[in-house]
Each structure stands twice: as structure tokens, then as C-alpha cells.
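In case you want the letters, here they are:
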Amino acid sequence: MTNDQTKEKRQIPIVCPGHTRPLAEVQFTNVKEENRIFLVSACHDKLPMLRDGVTGNWIGTFMGHKGAVWCCRLDRSGSLAATASGDFSVKVWDAITGKSLWEFPHNHIVKTCDFSPDSSRLATGGHEGLLRIYNLTDQLRNGGGDDSNNENGVDDDIVATEPIVLNHEKVVITKCNWWTDKLLLAAGADGTIRFWEVDNNVVAHTFKVDAEVRDMEIVNTTSDDGSTILTVASGNMVYFFDLNSKELLKSYTMPINFKDEGGASLHPSGTKFVAGGSDLWVRVFDYETGEELECLKGHHGPIRCLRYAPDGKSFATGSEDGTIRLWKTTTTDAKDE
């Protein structure tokens, strides 16, 4: 088979309908206690959803936001979900029942949120330019409200203790990801990724890229060296940083741009990555060389978000066309799992 034929190899993905507006984010979570992978999605239709990460089957919808939802995350136990919205709020949900537990008000659009690895804290950021850290242990201590009088399962009373606000110049925060329980990475519209030591309220390190950060992902690879790699999509580039050595490992110019949408995701093996953005195609690239390996067609709108599943057997893409598609990792990729 020629190289061009490999790139154009057709694949019929699982199509996951349900959303009615452009997708904003897709994220997998591997709940080891249940030996099950879940997929959550954030969408402009105000209705984040939970699905089975293997079959794509719909499990539930988190109802209550009044604006576009830009981010949706599950904690590692799969028991809590968090959503960040254009309605100037972040909500934390019981991921099993769909009940809204707490609402954290903000003063502007919230673009990102993430649970710490131990689920004790939630970080949020967005157009306000402030990075907030909520102590969820305090929320549990204060109680989550009672939804017995609310048919939608949304608490009438907002229960929120004051968050820690990390001090820095106000820059729109596009993504935030916890690396450890004490170290948080926050990416900004200024192209700077800041390593926050949360307990000390100090920036311990920074990475700099050439444009606003559209997407950011931390992967603990299964490679022989067990490296932890940060993948960043910005401008028309994808960057790979070693988080331990703080070195830039690779950077590749893409045939697309990430100015308005899109992202990149590294395969758990660390041997390839997938990227999508300003056009309708999903592309798979070789990590070592940047060579395009596959070009997958199926979406009817630009690619807004994508992620590899934790086991590397598939990846999810979300588009402006309102659909999520689950693609199988190819036979050649399977050798790298």
C-alpha cells in the first residue's frame, strides 16, 4: 500500500448524536474501580453529556446551565463532574445521579475547569483572567443543598465557600490542567503556560508558545522511559514538552490552524498524535517525524476538540456539526499500545 493510500484509508466511525450545536470539549476518564471508560462532552447547546467511552452510548445529560458549556470534566473516581459555562458559572454535579451539587459564580465567561488528582480541589479560569481554586472538601463539609423541591435536580441555594485566587496579571485563561495535587498548569491567551505551586501562590516555571493556547493535554506515556508529556495546540503549531525536564521535545507546523477551534492529542504510547482544527478532516501524525499517517473524513464542520482514549484503542472527535465521532486506532497503531 502506498503512502498516499494509507493517508486516505477510509474508516467508518461510531457517530454519537444528541448535541445540537458545536462541540467545545471531549474528555475521557478511565474509572479503574469499575474497569470502565467514560466520555464527557461540553457543547454550545448548554447540555453537557456523559457517554460510555467505548460504545458511545448516551448515559445522561447535565441540565441546568443557561449558556454555552465550554468545558466538562470527570474526576478520577467518576463520581463527580464539573462544567464551565458562558453563563458566568461553574457547576459541580453528582455524575451518577446527575444532581447539581454546587454552583460557583464568576464575573465573566468561564472557559476551563479541572479536578485535582485527589478530587479535593477544583480549578477554574476564563475571560475574567483569574485562576480560582475551590476546596471541595469545604463544600462537602458545608453540605450540597437539597434538591427535593426542585424537579430539575438543581439546587436552589448556592453553597460556595470563597476560593483561593492565584495572583498574576489578568490574562484570559483558555485551559487549566492539574499535574499533581499541588501543581497546576494554566494556559493563557498570551501564549504562556504557567506552572502554579498552588499552596504557595507562586509561578514556578513557564512555557511560551507563539500564539493563544487553544488546547493543552498532559499524558503519562507508556513508553520505556515513562515520560510525562504536555501537548499544546497553538496558532498553526503543535508542541510537545517534557514536564519533568521542562524541555521542548518536538514542534510541528500543521496543515490547519487552531485560531478559533481545534486541538491535538498524544497517543498513550507516545508514538503518534491526532490533530484537528480549521477544516473538516482529522489527521494522525507520527510523533518522531511529524509525517502525516492518516487523513480521516466524516465530519461536516470544522473539528473543535479531540482526545485519545486512555487505552489508546480509539479517539473521539467533536465538531461544529454537533456530532461526536469515535474512531478506532488503526491496525498499525495497535502495535504501539
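Since the structure is predicted, the reported quantities are computational estimates derived from the model, not experimental observations. (Residues numbered from 1 in each chain as written. Predicted model: local features only at pLDDT ≥ 70, side-chain atom pairs only at ≥ 80, totals over all residues. Heavy atoms only, no water.)

Enquirer: Explain the nonpolar core to me, and be specific about the residues and the numbers.
Expert: Grouped together as the largest cluster of nonpolar side chains are 16 residues, with contacts concentrated most on Leu185, Ile193, Met216, Leu230 and Val232. Contributions of two or more residues to this core are made by strand S15 (183-188), strand S16 (192-197), strand S18 (213-220), strand S19 (228-234) and strand S20 (237-242). Here Leu230 is in contact with Leu185, Ile193, Phe207, Met216, Glu217, Ile218, Tyr239, Phe240, Phe241 and Leu243, once residues within four sequence places are set aside. (Core = buried A, V, L, I, M, F, W, Y, C linked by side-chain atoms within 4.5 Å. Buried < 20%, exposed > 50% of the residue type's maximum accessible area, 1.4 Å probe, protein only. Helix = DSSP H or I, 4+ residues; strand = E, 2+ residues; numbered from the N terminus. Contact = heavy atoms within 4.5 Å.)

Enquirer: Describe unusual backbone geometry, naming the residues involved and giving the relevant values.
Expert: Residue Ser119 is not a glycine yet carries a positive backbone phi of 65°. Tracing the backbone through its elements, the reader meets Ser119 in the loop between strand S10 (110-115) and strand S11 (121-126). On the basis of relative accessibility, which here comes to 18%, the residue Ser119 falls in the buried class. With phi around 55°, Asn201 is a residue other than glycine that occupies positive phi space. Here Asn201 is to be found in the loop between S16 and strand S17 (202-208). By relative accessible area, which is 26% here, Asn201 ends up partly exposed.

Enquirer: Provide a residue-level description of the pairing of strand S9 (residues 100-105), including the pertinent values.
Expert: Pairing geometry for strand S8 (residues 89-94) and S9, over five bridges, is antiparallel. Bridging from a neighbouring strand, Trp93 pairs with Ser100 of S9. Here S8 folds back onto S9 in antiparallel fashion, the turn holding five residues, of which Gly98 has a positive phi close to 85°. (Pairing = 2+ DSSP bridges.)

Enquirer: Residue-level account of the sheet that holds S17, with values.
Expert: Read across the open sheet, the four strands follow the order S14-S15-S16-S17; overall the sheet is antiparallel. Across the chains shown, the open sheet's two edge strands, defined by having one partner strand only, are strand S14 (173-178) and S17. The average angle at which neighbouring strand axes cross in this sheet is 20°, direction not considered. Two elements, S15 and S16, share five bridges in a ladder whose sense is antiparallel. The residue bridging Leu185 from the neighbouring strand is Phe195, located in S16. (Axes fitted to C-alpha atoms, helices over the stretch in contact; angles between N-to-C directions.)

Enquirer: Which residues make up the packing of aromatic side chains, and what values go with them?
Expert: Applying the stated criterion across every chain, the model contains 12 aromatic pairs. Relative to Phe195, the ring of Trp179 has its centre 6.5 Å away and its plane inclined at 85°; by these criteria the two rings are edge-to-face. Residue Trp179 is located in the loop between S14 and S15, and its partner Phe195 is located in strand S16; the two are separated by 16 residues in the primary sequence. Neither Trp179 nor Phe195 differs from the other in exposure class; each is buried. Each ring, one from Tyr252 and one from Phe273, has its centre 6.0 Å from the other, and the planes form 10°; the classification is stacked. Taken as a pair, Tyr252 in strand S21 (residues 247-253) and Phe273 in strand S23 (residues 272-276) lie far apart in primary sequence, 21 residues in all. Across this residue pair, the class does not change: Tyr252 and Phe273 are buried. Ring pairs connect the aromatic residues Trp179, Phe195, Phe207, Tyr239 and Phe241, which therefore count as one cluster. (Phe/Tyr/Trp six-rings, centres within 6.5 Å; stacked < 30°, edge-to-face > 60°.)

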